[in-house]
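Structural overview for review
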Amino acid sequence: MSKAVNNMSMGVVEPQERMRHLSHCGNLIEVDKNMPVTRYYRSGTEMLRMANVYLREGNHENAFILYLRYMTLFIDKIRQHPDYASVKSEVRDINKKIKDEIMPNTEKLRAKLLAHYQREYEQFLASKEAERVRELERERERERQRQRELSQAGQAGSVPSLIPANLHVLIDPGNQPSAPDLGLLDQVVYPNDFPTGANRSLPGSGPGLLLPGSEGAADKTNNSKPSFDRNQKPAYNRTDSLLAGSLRLVHVPGDTMEVFLKLAHANTSKNIETCGVLAGHLSQNQLYITHIITPQQQGTPDSCNTMHEEQIFDVQDQMQLITLGWIHTHPTQTAFLSSVDLHTHCSYQMMMPEALAIVCAPKYNTTGFFILTPHYGLDYIAQCRQSGFHPHPNDPPLFMEAQHIRMDSQAKIKVIDLRR
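As the structure is a prediction and not an experimental result, all values here were calculated from the model.

Observations concerning the packing of aromatic side chains
For the coordinates displayed, the defined rule picks out 4 aromatic pairs. Plain terms: the ring middles of F370 and F399 are 5.2 Å apart, the flat faces sit at 85° to each other, and that makes the pair edge-to-face. Placement of the pair is F370 in strand β8 (residues 366–372) and F399 in strand β9 (residues 399–401), with a sequence separation of 29 residues. Accessibility expressed as a relative area gives 4% for F370, which makes it buried. Of the residues examined, F399 reaches a relative accessible area of 27% and is grouped as partly exposed. The ring of Y117 has R18 sitting right over it, with the charged end atom 3.8 Å from the ring centre.

Here is the structure:
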């Protein structure tokens, strides 16, 4: 439903530009006309639930993004759905809530974020100016050091004149100058003839006179090299921000599969699939599966269909749970996603990008944690209009092992069995 955008590399620092970027991220939501419109109604409810969590936790960026997506969905995008008329009355109630509560809260968040971005920007500019002043002073010190070294070298190499300044020499024009004695040239000392040791000194200058290029002088110049990168800008994207565009971590209780297989045992012994909804909550930008909700259902050896979904919604609303995927068995097959499973999971993943499809294969004692491939499989299945079991291409892959999960051996799954 929403398009993830990776903006971690962006260097936007100007406050208004940052707000425009944030608003753009909040508007990234699309409605698939082939998806039941009630799914979007439920997705909006859970979107608002997560936005409120972010707000309570002080994650104002994420709260702002989700509030904006919620408003974009119900004020604009939902009207494009062909079945909009069937939820028109519900949307009317939602729009009243948007006007009375959500929009004012979003505008308060906008002002708060803009003020925060302005402070960060001013701090960045002040830091940049302070570094410029420090670099200027370092350059001045380098120049002063060069002048001192030149002065010292000039004083050490000067030879006092033995000829009085007022001495007049009479030259006899009849005498022609003779050729100089070439042997005298061998006594001339050139700069390259100076000793090259660490403590080079000139005759008569005393020990320890530093010359340009000596180690001591090199240390003084090298240490003053600026370390400030003028292209560096303050990073505002964080790993706890939806701006990152990556999937949030999903925590799975370690006993989830064992508990579910016990629930499904009666069906499994009759070669009938069993399914359940994975639900949980959001905390600190991570998702935690806490419940399996097993709805009333009809199963076959290779499929399982839920019934009376409104009962699931009632439970989730009462317990403030959000949908995090689904779990089902393959009594006699391996763990994979069939063509029917791909379409079932598509509706979950379009509403929640992190949604998991857990497949338990008790005959082979294996479990798969799957998602549709985000950049191909999800769009491909969303556009597929076939139903029932039908062939799909395998290359590129349509689904993959989920990489954003963490098994939690300490957590225990809870079960709400609506079949009873």
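Concerning the side chain of D255
Mapped onto the fold, D255 is located in the loop between β1 (250–253) and α6 (256–269). Within the buried set, D255 has no salt-bridge partner at all; the shortest N-O distance to an opposite charge, 4.8 Å, is to K412. Not counting residues up to four positions away in its chain, the partners in contact with D255 are A411, K412 and I413.

Examining the pairing of strand β2 (residues 275–283)
Most of β2 sits inside the fold, with 7 of its 9 residues counted as buried. Once β2 ends, the chain turns through 2 residues before running back antiparallel as strand β3 (residues 286–294), passing Q284 with a positive phi of about 50°.

So, the packing of helix α2 (residues 37–56) against helix α8 (residues 339–351)
Between α2 and α8, the least distance of the axes is 10 Å, while the angle of their chain directions is 40°. Here α8 runs oblique to α2, going by the angle between their axes. For the pair α2 and α8, the crossing hand works out as right-handed. Here R39, Y40 and S43 of α2 come into contact with α8, specifically with S347, M350 and M351. Within the contact of α2 with α8, the residues separate by chemical class into 3 nonpolar, 2 polar and 1 charged.

Here's the deal with the layout of surface pockets
Size it by volume and the second largest pocket reaches roughly 660 Å³. Taken together, 30 residues form the lining of the second largest pocket, with R39, V340, H343, T344 and S347 sitting closest to its centre. Those elements that provide at least two residues to the lining of the second largest pocket are β2, β5 (303–306), α8 and α9 (377–383). Looking at which element gives the most residues to the lining of the second largest pocket, the answer is α8, with 7 residues. When the residues that make up the lining of the second largest pocket are grouped by side-chain class, the tally is 12 nonpolar, 11 polar and 7 charged.

Topic: the pattern of salt bridges
Under the definition given, this model contains 23 salt bridges. A salt bridge links E139 to R146; the shortest N-O distance between them is 3.6 Å. Since its relative accessible area comes to 35%, E139 is described here as partly exposed. Here E141 and R148 are joined by a salt bridge, their closest N and O atoms 3.2 Å apart. With a relative accessible area of 34%, E141 lands in the partly exposed category. In the salt-bridge network here, residues are joined through shared partners; they are E131, R134, E135, R138, E139, R142, E143 and R146.

Here is what the cut-offs are and how they apply
Residues numbered from 1 in each chain as written. Predicted model: local features only at pLDDT ≥ 70, side-chain atom pairs only at ≥ 80, totals over all residues. Heavy atoms only, no water. Phe/Tyr/Trp six-rings, centres within 6.5 Å; stacked < 30°, edge-to-face > 60°. Helix = DSSP H or I, 4+ residues; strand = E, 2+ residues; numbered from the N terminus. Buried < 20%, exposed > 50% of the residue type's maximum accessible area, 1.4 Å probe, protein only. Lys NZ or Arg CZ within 6 Å of the ring centre and 35° of its normal. Lys, Arg positive; Asp, Glu negative; His and termini not counted. Salt bridge = Lys/Arg side-chain N within 4 Å of Asp/Glu carboxyl O. Contact = heavy atoms within 4.5 Å. Pairing = 2+ DSSP bridges. Axes fitted to C-alpha atoms, helices over the stretch in contact; angles between N-to-C directions. Parallel < 35°, antiparallel > 145°, perpendicular 65-115°, else oblique. Left-handed = near helix turned anticlockwise from the far one by under 90°. Nonpolar A, V, L, I, M, F, W, Y, C, P; charged D, E, K, R; others polar. 1 Å grid on protein atoms, 1.4 Å probe; cavity = no way out; pocket = protein on both sides within 12 Å on 5 of 7 lines; lining within 4 Å. Points joined across faces, edges and corners; volume = space filled by probe spheres on them.

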